[in-house]
Amino acid sequence: LEISETAVENARRLGLDVRAGSLEGEAFGPDEFDVVRLWSVLEHVPHSGLALSEVTKLLKPGGWAILQVPNAGGFTARLTGSRWPGWDVPAHLVHFTRSTLERAVLASGMVPVEFHSCSVGTMTGRHPWLKSTPGRIAVFLTDQLFDLLGAGDTIMVFARKPLNGESVGGD
């Protein structure tokens with residue numbers, strides 16, 4: 001399911017079964033999917049908690065949600081302040097840190113199992129460092145360090161819907 005007609009056309013050319021539309025407009029049944037992936041989606045949804053609850057309903061017990069959002073608590077966001085591209089208001093309606101994303105996942109009835117941080121290029125544009133190989137290596141290594149510290153540009157979480165009878169707390 002994809003809202004971009006271009007992305008749908010490209011996916012279909014690859015032989016994938018992709019529908020154009022949004023989650024709200026589709027009639028999927030409960031426990032229908034093994035995996036749901038929301039990649040750069042939640043920050044655009046006005047009611048991200050409702051969207052996550054819908055994802056939980058769609059997943060089979062033991063199913064996985066893979067979520068990725070910009071990291072409002074990352075190093076670049078803190079360094080650049082109001083100039084951070086991840087704010088992107090009004091396109092981005094909600095901003096997440098690791099702790100706010102974790103709380104949203106738990107509130108939806110899923111268990112966050114694994115978090116990752118990923119940088120997409122701490123220094124973009126025409127920064128002088130990017131004009132040399134040593135500069136590009138330094139930026140790459142800096143991004144790797146930010147990711148290891150959980151302070152990269154994005155947060156990715158693998159969350160699991162509990163099996164029937166299993167509590168969200170894992171008890």
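Conventions adopted
- Residues numbered from 1 in each chain as written.
- Predicted model: local features only at pLDDT ≥ 70, side-chain atom pairs only at ≥ 80, totals over all residues.
- Heavy atoms only, no water.
- Helix = DSSP H or I, 4+ residues; strand = E, 2+ residues; numbered from the N terminus.
- Buried < 20%, exposed > 50% of the residue type's maximum accessible area, 1.4 Å probe, protein only.
- Contact = heavy atoms within 4.5 Å.
- Areas by Shrake-Rupley, 256 points an atom, 1.4 Å probe, with all protein chains shown as cover.
- Phe/Tyr/Trp six-rings, centres within 6.5 Å; stacked < 30°, edge-to-face > 60°.
- Core = buried A, V, L, I, M, F, W, Y, C linked by side-chain atoms within 4.5 Å.
- pLDDT = per-residue confidence, 0-100.
- Pairing = 2+ DSSP bridges.
- Axes fitted to C-alpha atoms, helices over the stretch in contact; angles between N-to-C directions.

For the rest of this paragraph, the subject is the overall build of the protein chain. Of regular secondary structure, the protein chain possesses five helices and four strands. What you see in the protein chain, going N to C, is helices and strands ordered as α-β-α-β-α-α-β-α-β. With respect to the three principal axes, the spread of C-alpha positions in the protein chain is 55 × 45 × 30 Å. For the protein chain, the proportion of its 171 residues judged to be buried stands at 36%. Contacts spanning at least 24 positions in sequence make up 72% of the contacts within the protein chain whose residues lie at least 6 apart. By element, 59% of the accessible surface of the protein chain is carried by carbon and sulfur atoms, the whole surface being about 10200 Å².

Our next topic: the packing of aromatic side chains. Summed over the entire model, instances satisfying the criterion amount to two aromatic pairs. Ring centres 5.1 Å apart and planes at 80° place the aromatic pair phenylalanine 28 and phenylalanine 33 in the edge-to-face group. Taken together, a centroid distance of 4.9 Å and an interplanar angle of 85° make the contact between tryptophan 84 and tryptophan 87 edge-to-face. Residue classification places tryptophan 84 among the buried positions, given a relative accessible area of 6%.

With that out of the way, let us pick up the nonpolar core. Side chains of a nonpolar character, in soluble globular proteins, are inclined to be buried together. Core analysis: the biggest nonpolar cluster contains 21 residues, and Leu42, Leu67, Leu101 and Met110 have the highest contact counts within it. For this core, the elements supplying multiple residues, two or more each, are β1 (33–39), α2 (48–58), β2 (59–70), α4 (98–107) and β4 (154–160). For this core, the element with the most residues is β2, which contributes four residues. For leucine 101, the contacting residues outside a window of four places in its chain are Leu42, Val69, Phe96, Phe115, Ile155 and Val157.

This next bit is on the confidence of the model for the protein chain. In the predicted model, the protein chain carries a mean pLDDT of 86, and the fraction of residues at 70 or more is 91%. The lowest-confidence element of the protein chain is helix α5 (residues 133–148), averaging 78 in pLDDT; the highest-confidence one is α4, averaging 97.

This paragraph deals with the side chain of glutamate 43. When you line up the elements, glutamate 43 lands in the loop between β1 and α2. Excluding its chain neighbours within four sequence positions, the residues that come into contact with glutamate 43 are Gln68, Val69, Pro70, Ala91, His92, Leu93, Val94 and Phe96.

The sheet built from four strands is open, its strands ordered β1-β2-β4-β3 with mixed pairing. Both edges of this open sheet fall to β1 and β3 (111–118), since each of them pairs with a single strand only. The sheet shows a mean angle of 10° between the axes of neighbouring strands, taken without regard to direction. Across seven bridges, β2 lies against β4 in antiparallel orientation. Looking across to β4, one finds that valine 69 is bridged to isoleucine 155.

Of note, the bond from valine 89 into proline 90 is cis; its omega dihedral lies within 30 degrees of zero at 10°. Following the sequence through the fold, proline 90 ends up in the loop between α3 (75–80) and α4. One non-glycine residue, aspartate 88, adopts positive backbone phi at about 35°.

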